[in-house]
Amino acid sequence: MADLNELYDAILNGNAKKAYAATEAALAAGVQPMDLISGSMVPAMDEVGRLFEEEEYFVPELLLAGRAMKSAMELLRPRMVASGEKLSAKVVIGTVKGDLHDIGKNIVGSMLEGSGFEVVDLGTDVSPEAFVAAVEERKPQFVCMSALLTVTMPSMKTTIDALNNAGLRTRVKVLIGGAPVTMQYAKEIGADGYSENASGAVGLVRSLLVS
Ligand code: B12
């Protein structure tokens, strides 16, 4: 039986080597990538966030935990990306302007790829103009935006406005997510959907594709 606490502790302590080794061991024991993400990795990052709020952790600890999470994701990503046939939908994804958090966005991107969608990842700190340019050039059916900071959430609205002004809004479905984002906010800014996690994001894309 794989010890999932090891991965949780390694991320909490910001130990990238241990996180990698614990992930390797869990995969060898047959644990599924998504079970590792939702059972150990996300709860560990939530605890890191709580400790940061309590001022027991500071930015260096956040960085180390983020690095540990990324080293585990290195092993999980190839397993999440399906080798199967691509579905006929393209998704442009990015973290909005001013925001450097990309762990959740990367999980959503990997899950979408793993479900057969073509994913164009614009990275972090993506301006509304860059989203618009990507929609013009890559012609996706979906735009996925991620924000982890309350101060960067308004950039989601600015991006939707920019898509509107460029006459592109009706060509794409816009999905938003990230810890501070809510369904209510999605409705307020005129997004087409919101999900609180990566598997929900895949479900949303699938359901909007057939609707
Ligand atoms: C790791 C981390 C960092 C790392 C990021 C590393 C990286 N490469 O991403 C670093 C150190 C860089 C960092 C920096 C900062 N951070 Co920080 N960070 C975190 C932390 C601890 C974890 C975030 C994370 O990765 N969670 C795990 C992932 C898997 O969850 P997720 O991102 O929510 O994604 C899931 C869902 O939301 C959803 N989802 C995500 N995106 C999308 C998109 C779509 C379309 C859909 C449908 C779904 C979806 O699916 C994902 C998978 O299930 C959070 C605390 C927390 N619990 O969120 C603070 C937190 C987000 N950070 C915070 C702060 C304040 C900062 C700084 C301002 C600190 C500082 N003083 O410098 C800077 C800002 C830098 C910047 N400009 O962006 C605050 C934000 C407070 C607020 N309300 O605005 C938090 C909440 C900590 C806290 N409790 O105070 N941070």
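Residues numbered from 1 in each chain as written. Predicted model: local features only at pLDDT ≥ 70, side-chain atom pairs only at ≥ 80, totals over all residues. Heavy atoms only, no water.

1. Things to note about a negative patch on the surface
Moving on, step 1. On the surface, Glu 53, Glu 54, Glu 55 and Glu 56 cluster together into a negatively charged patch.
Moving on, step 2. Along the chain, the position of Glu 56 falls in the loop between helix 3 (33-53) and helix 4 (59-80). (Patch = residues over 30% accessible without salt bridge, like charges linked within 9 Å, V, L, I, M, F, W, Y side chains within 5 Å. Areas by Shrake-Rupley, 256 points an atom, 1.4 Å probe, with all protein chains shown as cover. Salt bridge = Lys/Arg side-chain N within 4 Å of Asp/Glu carboxyl O. Lys, Arg positive; Asp, Glu negative; His and termini not counted. Charge placed at Lys NZ, Arg CZ, Asp CG, Glu CD. Helix = DSSP H or I, 4+ residues; strand = E, 2+ residues; numbered from the N terminus.)

2. Some words on a nonpolar patch on the surface
Moving on, step 1. Judged by side-chain polarity, Phe 52, Val 59 and Leu 63 come together as a nonpolar surface patch covering roughly 270 Å² of accessible area.
Moving on, step 2. Relative to the helices and strands, Phe 52 is located in helix 3.
Moving on, step 3. You can call Phe 52 partly exposed: its relative accessible area is 35%. (Buried < 20%, exposed > 50% of the residue type's maximum accessible area, 1.4 Å probe, protein only.)

3. A few points about the nonpolar core
Moving on, step 1. By size, the foremost hydrophobic cluster in this structure holds 42 residues, and its most contacted members are Leu 7, Ile 11, Leu 36, Met 41, Leu 76, Ile 107 and Leu 112.
Moving on, step 2. Listing elements by their share of this core, those giving two or more residues are helix 1 (4-12), helix 2 (16-28), helix 3, helix 4, strand 1 (90-95), helix 5 (103-114), strand 3 (142-146) and helix 9 (198-210).
Moving on, step 3. Counting residues per element, this core draws most heavily on helix 4, which supplies eight residues.
Moving on, step 4. Those residues in contact with Leu 36 that lie beyond four places of it in its chain are Leu 4, Leu 7, Thr 23, Ala 26, Leu 27, Val 31, Met 41 and Leu 76.
Moving on, step 5. One finds Val 143, Ile 160, Leu 168 and Ala 191 within the second-largest nonpolar core, a separate group that totals 26 residues. (Core = buried A, V, L, I, M, F, W, Y, C linked by side-chain atoms within 4.5 Å. Contact = heavy atoms within 4.5 Å.)

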